[in-house]
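Here are the chains, one letter per residue:
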Amino acid sequence: NRTCRQIIKSTELSGKSEGTLMSMEHWYKPGTNCTYLLQGKASQVVRLYFVKMKINTKDYIKESNETCGEYLVIYDSSWPDNNKILKAFCNSIDYTEEKIDYISTDSEMLVNFVSNTGSYAGSSIYYWAIFDFHDTETEGEKVKSSICDEVFTRKVGRINSPRNTLIYSNPKKNIVCKFIIEANSLRFRRISLLLEFTNFAETEQNCNYCDNTAHDYLTIQDDHNSMQKGNVPCHSSCGNLKSVQEYISSGPRLTLIMSVNKDRAKQNYLNRKAPIFQAMYSFLHPAVCGKTMIVANTTGFLTFPEMEGRQLESEDVYCIWDIITKPRVLVQFTIGNKTFYDNDCMKHSITLSSSVDENEVFLEDCGKARGKSSLIQIPGTKNNGVIKLKVKLQNLNVGKFQVSWVYAS
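Note that the coordinates shown come from a computational prediction; the quantities given were computed from them, not determined experimentally. (Residues numbered from 1 in each chain as written. Predicted model: local features only at pLDDT ≥ 70, side-chain atom pairs only at ≥ 80, totals over all residues. Heavy atoms only, no water.)

Student: Would you mind showing me how to read the pattern of salt bridges here?
Tutor: As a working rule, side chains carrying opposite charge can pair if their charged atoms are close by. A complete count under the given rule lists 13 salt bridges for this structure. Here R163 ties to E139 by a salt bridge, and the two come within 2.7 Å at their closest N and O atoms. Linking R163 in the loop between β12 (156–160) and β13 (175–182) with E139 in the loop between β9 (125–135) and β10 (141–142), this pair joins segments that are 24 residues apart in sequence. On the accessibility criterion, R163 (33% relative accessible area) is partly exposed. Accessibility expressed as a relative area gives 23% for E139, which makes it partly exposed. Residue E360 is joined to K382 by a salt bridge in which the shortest nitrogen-to-oxygen separation is 2.9 Å. Taken as a pair, E360 in the loop between β24 (348–354) and β25 (361–365) and K382 in the loop between β26 (374–378) and β27 (386–395) lie far apart in primary sequence, 22 residues in all. E360 gets classed as partly exposed once you look at its relative accessible area, which sits at 25%. (Salt bridge = Lys/Arg side-chain N within 4 Å of Asp/Glu carboxyl O. Helix = DSSP H or I, 4+ residues; strand = E, 2+ residues; numbered from the N terminus. Buried < 20%, exposed > 50% of the residue type's maximum accessible area, 1.4 Å probe, protein only.)

Student: Would you explain the packing of aromatic side chains in this entry?
Tutor: The relation between two aromatic rings is expressed through the spacing of the ring centres and the mutual angle of the planes. Summed over the entire model, instances satisfying the criterion amount to 13 aromatic pairs. Ring centres of Y28 and F113 lie 6.0 Å apart, and the angle between their planes is 90°; this geometry places the pair in the edge-to-face category. Of this pair, Y28 sits in the loop between β2 (18–22) and β3 (32–39) while F113 sits in strand β8 (residues 108–115), placing them 85 residues apart in sequence. As far as the burial class goes, Y28 and F113 line up, both buried. Relative to F277, the ring of F179 has its centre 5.3 Å away and its plane inclined at 80°; by these criteria the two rings are edge-to-face. Of the two residues, F179 is situated in strand β13 and F277 in strand β19 (residues 277–286); the sequence distance between them amounts to 98 residues. Since its relative accessible area comes to 0%, F179 is described here as buried. (Phe/Tyr/Trp six-rings, centres within 6.5 Å; stacked < 30°, edge-to-face > 60°.)

Student: Just to check I follow, could you spell out the environment of L86 for this structure?
Tutor: Within the element layout of this structure, L86 appears in strand β6 (residues 85–90). Assessed through its relative accessible area of 30%, L86 is described here as partly exposed. When the C-alpha positions of L86 and V73 are compared, they lie 7.7 Å apart, and in sequence the two are 13 residues distant. When neighbours within four sequence positions are excluded, L86 is seen to be in contact with I74, Y75, D76, Y102, I103 and M109. (Contact = heavy atoms within 4.5 Å.)

Student: I tried to follow the pairing of β27 on my own but got confused; where do I start?
Tutor: The two faces of the sheet receive side chains in turn, since in a regular strand these alternate between them. In terms of residue burial, β27 counts as a mostly covered element, since seven of its ten residues are buried. Bridge analysis of strand β22 (residues 315–324) against β27 gives nine bridges, and the strand direction is antiparallel. Paired with I323 across the two strands is I387, which belongs to β27. Of the strand pairs in this sheet, β24 and β27 are connected by seven bridges, and their pairing is antiparallel. Bridge pairing in β27 places S353 opposite K388. (Pairing = 2+ DSSP bridges.)

Student: Mind showing me how you'd approach the environment of E108 here?
Tutor: With respect to the helices, strands and loops of the structure, E108 is situated in strand β8. Separated by 31 residues in sequence, E108 and S77 have C-alpha atoms that sit 5.7 Å apart. When neighbours within four sequence positions are excluded, E108 is seen to be in contact with L37, L38, Q39, V46, D76, S77 and S78. At 2.6 Å, the side chain of E108 forms a polar contact with the side chain of Q39. (Polar contact = N/O pair within 3.5 Å; in protein donor to acceptor, adjacent residues only side chain to side chain.)

Student: Help me understand the state of the cysteines in this model?
Tutor: For the coordinates displayed, the defined rule picks out six disulfides. Across a sulfur-sulfur distance of 1.5 Å, C4 and C34 are joined as a disulfide pair. A torsion of -85° about the S-S bond marks the disulfide between C4 and C34 as left-handed. Remark: C34 occurs in strand β3 and C4 occurs in the segment before β1 (5–9); sequence separation between them is 30 residues. (Disulfide = S-S within 2.5 Å.)

Student: Whenever I open this one, the environment of N170 confuses me. Can you help?
Tutor: Tracing the backbone shows N170 in the loop between β12 and β13. N170 sits 181 residues away from T351 along the chain, and the two C-alpha atoms are 50 Å apart. A distance of 3.2 Å separates polar atoms of two side chains, one belonging to N170 and the other to S169.

Student: Sorry if this is basic, but what is going on with the pairing of β2 here?
Tutor: Burial along β2 is one-sided: G19 and L21 are buried, while E18, T20 and M22, pointing the other way, are not. Across five bridges, the pairing between β2 and β9 is antiparallel. Bridging from a neighbouring strand, G19 pairs with F131 of β9.

Student: Before we go on, may I ask you to explain the sheet that holds strand β5 (residues 70–75) in this structure?
Tutor: Two modes of strand pairing occur in sheets, parallel and antiparallel, and in both the strands are linked by backbone hydrogen bonds. Taken together, the five strands give an open sheet; going across it, the order is β1-β3-β8-β5-β6, and neighbouring strands pair in mixed fashion. The sheet is open, and its two borders are formed by β1 and β6, each paired with just one other strand. Across the sheet, the mean angle separating the axes of adjacent strands is 10° when strand polarity is ignored. Pairing of β5 with β6 involves five bridges; the strand directions are antiparallel. (Axes fitted to C-alpha atoms, helices over the stretch in contact; angles between N-to-C directions.)

Student: Even after reading the chapter, I still don't get unusual backbone geometry, so can you show me in this structure?
Tutor: What you tend to see is this: most non-glycine residues have negative phi, and most peptide bonds are trans. For the bond from F304 to P305, the omega torsion is -5°, close enough to zero to count as cis. Take P305: it is sitting in the loop between β21 (300–304) and β22. Despite not being glycine, S145 has its phi angle at roughly 70°, a positive value. Of note, S145 is situated in the loop between β10 and β11 (150–152). One non-glycine residue, N271, lies in the positive phi region at around 70°. Here N271 shows up in the loop between α1 (262–269) and β19.

What follows is the structure in structure tokens.
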């Protein structure tokens, strides 16, 4: 019987997200052996659950001396491997299970029905089952013993909410996933995170504060910023992020924490294809930039880059310094000795901005005034004690500059 032996591939569901298996409701002979091989892609697992199941008495064609005249077995493999049985049902045992997930560990699951008796009117094990395929591929490295934590150590990468939506199936507690971005501190000392969007199922309940466990949210924790406590960037089902936002870390580690309320998880996210959030990250402030913090409470200067005798990463350099100044005092910066070859903001730029509001830019120079000095005075009313100095260089060979600072006497 051709329909009794099938290979069902995830790529052949004709755009559907799931398929069905049903017990035979017609005559079949003794010795019938039916197999349904559910076959996903290499990065997928298979889920099967029974919407309905019942043990019936049927008019058998042949009596059997076996304990189970008919049986149904689910294997965590592509063949009837007795060491990989997920569940077995027998017509002589009046026991069934409905709406329980059976999940493969790899990309294949075999459903095997065997009848020693045959039947004039269909199987004694009546069932109606639904199966689907779930992608388990991750962008980062999976953390063992966690359901969804990932670690990211590549210089540049993408972060998505978990593709495997089975984690939302029947959670006993709120689902918490940690996405840890960690640079080698000997090579890079900051991280840029571009959070593109969040797409939580929206609610208007319990919206007094963002990271309320009664709804779903995403927070960004800067593990080296002691001042961040109580002011953690957060987006939730009470208010999704609609446009790209950039977050710059204080050190070589950032942690994104996604929390999904257990009572909302299955209804809102099981089998959903669209990601809950999406982001890009890159490592900044390589070793050639030196320390991320410059104490500037007295007159001083910085020359960059200083490459003599140093073999360091020299492509696409992005340095961000926190210049620690005397707060509430007028400070004057001079950008001089610029030797940039041309005026091209794609190749190089120097920016001085407020650390409180980085949209407040005191200077942005791409080399237009090369050979000349730029003088910037920041009044005490706008000097909160930390000034951001950002430098982007496509290549360290495009030139150098010097920044100096002095206080009003």
